[in-house]
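# Architecture and fold: a report
Take a look at the letters that make up each chain.
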Amino acid sequence: MSSSVLTTITLSLPSRLRPAVSFLFSNLAVAALLTLAFNQSFMRSILPLGGWPVAWPLISLLFLLNLFICQLFGIGRLQKAWLIILITISAVSQYFMLQYGVVIDKGMLINAIETDSHEVYALLSAEMLPYFICYLLLPAILVVRAKHHTASPGRKLKQYAFSMISIISLILLLVMTQYQNLAGVMREHRSLKHQATPFNALNAVSGVVRSEILHPVIPVFKHYAQDARLVPAAAKPQLVIMVLGETVRADHLGLNGYHRNTTPRLAKRNLLNIGAIDACGTATAISVPCMFSYLEHDNYDEITAKHSDNLLDVLQRAGVKVLWRDNNSGCKDMCNRVEQDQSFALDCVAGECQDSALLNGLRQKILTTAQSAAPMLVVLHQQGNHGPEYYKRSLKQQKQFLPECENNLLVQCQTEQIINAYDNALLATDELLDNTIALLQSLSDTYDTSMLYVSDHGESLGENGVYLHGLPYWMAPEAQTKVPMLMWLSAQTVRRNMIDTRCVQHNAEQAGSHDMLFSSLLGWMEVKSAAILPSQNIFEQCSGQTIAKSS
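Residues numbered from 1 in each chain as written. Predicted model: local features only at pLDDT ≥ 70, side-chain atom pairs only at ≥ 80, totals over all residues. Heavy atoms only, no water.

## A short note on the state of the cysteines
Definition in use: The disulfide criterion is simple: two cysteine sulfur atoms within 2.5 Å. Secondary structure elements follow DSSP: runs of H or I no shorter than four residues count as helices, runs of E no shorter than two count as strands, and numbering proceeds from the N terminus. Here the term buried applies to any residue with accessible area under 20% of the maximum for its type, exposed to any over 50%, and partly exposed to those in between, with areas from a 1.4 Å probe on protein chains only.
Under the defined criterion, the tally for this structure stands at five disulfides. Two residues, Cys280 and Cys290, share a disulfide whose sulfurs are 1.7 Å apart. Residue Cys280 is located in the loop between β5 (272–278) and α12 (284–292), and its partner Cys290 is located in helix α12; the two are separated by 10 residues in the primary sequence. Relative accessible area serves as the criterion here: at 4%, Cys280 is assigned to the buried category. Between the sulfur atoms of Cys503 and its disulfide partner Cys542 the distance amounts to 1.9 Å. Taking the torsion about the S-S bond as the criterion, the Cys503 to Cys542 disulfide, at about -70°, is left-handed. Of this pair, Cys503 sits in helix α19 (residues 501–511) while Cys542 is found in the loop between β13 (527–528) and α21 (544–550), placing the two residues 39 residues apart along the sequence.

## Re the nonpolar core
As a reminder, the rule being used: For this analysis, a nonpolar core means a set of buried residues of the types Ala, Val, Leu, Ile, Met, Phe, Trp, Tyr and Cys, connected via side-chain atoms within 4.5 Å. What makes two residues a contact is simply this: any of their non-hydrogen atoms within 4.5 Å.
Core analysis: the biggest nonpolar cluster contains 87 residues, and Leu362 and Val378 have the highest contact counts within it. For Val378, the residues in contact, after removing those within four places along its chain, are Leu239, Val240, Ile241, Met242, Leu323, Leu362 and Ile366. Of all hydrophobic cores here, the second largest spans 53 residues; its members include Ile277, Met291, Val379 and Ile532.

## Describing the environment of Val209
Assignment of secondary structure puts Val209 in helix α11 (residues 199–212). A relative accessible area of 28% means that Val209 is categorised as partly exposed. Along the chain, Val209 and Lys106 lie 103 residues apart, while their C-alpha atoms are 9.9 Å from each other.

## With respect to the pattern of salt bridges
Counted only if it meets this: We define a salt bridge as a side-chain nitrogen of Lys or Arg found within 4 Å of a carboxyl oxygen belonging to Asp or Glu.
In the structure shown here, the tally under the stated rule is 18 salt bridges. Notably, a salt bridge pairs Asp448 with Lys236, separated by 3.9 Å at the nearest N-O pair. Of the two residues, Asp448 sits in strand β9 (residues 448–455) while Lys236 sits in the loop between β3 (229–230) and β4 (238–245), which places them 212 residues apart along the sequence. Its relative accessible area of 3% is what places Asp448 among the buried residues. A relative accessible area of 22% places Lys236 in the partly exposed class. The salt bridge involving Asp333 is made with Lys306; its shortest N-O contact spans 3.8 Å. Taken together, the residues Asp333 in the loop between β6 (321–326) and β7 (339–340) and Lys306 in helix α13 (residues 302–306) connect sequence positions 27 residues apart. For Lys306, a relative accessible area of 16% puts it in the buried group. Among the charged side chains, a salt-bridge network with shared partners connects Arg265, Arg269, Glu431 and Asp434.

Shown next as structure tokens:
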């Protein structure tokens, strides 16, 4: 709502309801509001830690920090706009923390920035209106309505300086007198700083500004693995389809021992099921660049990853044809220099496709490319199990588990209904992977074929009040960090390369994370390079030729 509309509403109120107050009083009132009304998640987290003896120093510190933040621009003409911004930030942050159990940090903010319009729409609902009327509109009207005492600029400046010095002094005094309590709690419960509103959101914005705006110099693009070259081709080139899953947790696959058979078609296939591996991140914006980068989880840096050759670049330079099809929110800059094909989406309704559409026209596209006799990697980036509208990810005939949650406010659904919708989406992925294998089998006269499936990150489904994904990695549950990985190799591919599949499975389980993808896919596509790490190449010492040479 625009400030002119708010002003109109405010001026319609009786003038006797507008007593003149000081700027400091307004800042105190808003700081108290931010602390007590917009920190419900924070309060719920600190009260069980030791009752009021632990809670009151934290609440007092949060109030003083909020007062300091309000005071930053809390004088003169900027004050009302600044306070409304803080109220808006706090209202939005608290809404998503309460509804989905997320925390607000730099990673979550980047994830939100990179969210596309369809994902944003999925988070909107009519139930949001009462909340935002109460927590945003009404406080904003009161701020606009406030009338302040008149004073000279010099007097205002003196009052401002005195109040800032007083606030800072109180913060220092509280920290010094309560250091043991505060330090101990913050050390053991680091997530609290991501729940304290609006400090968490402002800190996240500061992190993004520091990395994206204050360092605007684009680093020199780094070419990596420039020695990469294809091994002389055999009679038929390789064709690998990599299905990049979305928001699938490893423990919900029937293949991994889940009590429901969410993978009935795959269960009939001869697969290498690696089981649960560690994801590189808990959000697509981090996991996708990380898994295609030569960097690993422990040394991952977004700027380096996006300004260096990635797996797709290296494969393409070595002579592999690379094709990317995307039914998600983009490739996060990983496919910028390879062919992107969105022709599959031409018949989708309102720009939204079921993942099954990823196979539309793919066989003909591959056969057209086959004339070059080059090996080929196709990446199919799924919508997968992206929430909160899991029920939209499966077709009517795929819905075996009912009733489903059909509300994007997951806290309003029974846990079983949420899981039903989520598991039905897995059945849709099961069918997609089975059809992908069938497609590869139909191309066996032209290519030696194989498939890789791996998800980018997992998903929380209400455990401990947490939904969706994107928690900081150090505090994220395994539901968000453990993802499935499985492979299908055609019989002729195994024979041609004399692959010991038990050896591959053992190596993959030992590597156990997204970190293995860079080296393993280079090895899989028969590319040689000094950049391939033997410990991360799951095909190392697993082919008959290699074993013969080493024996």
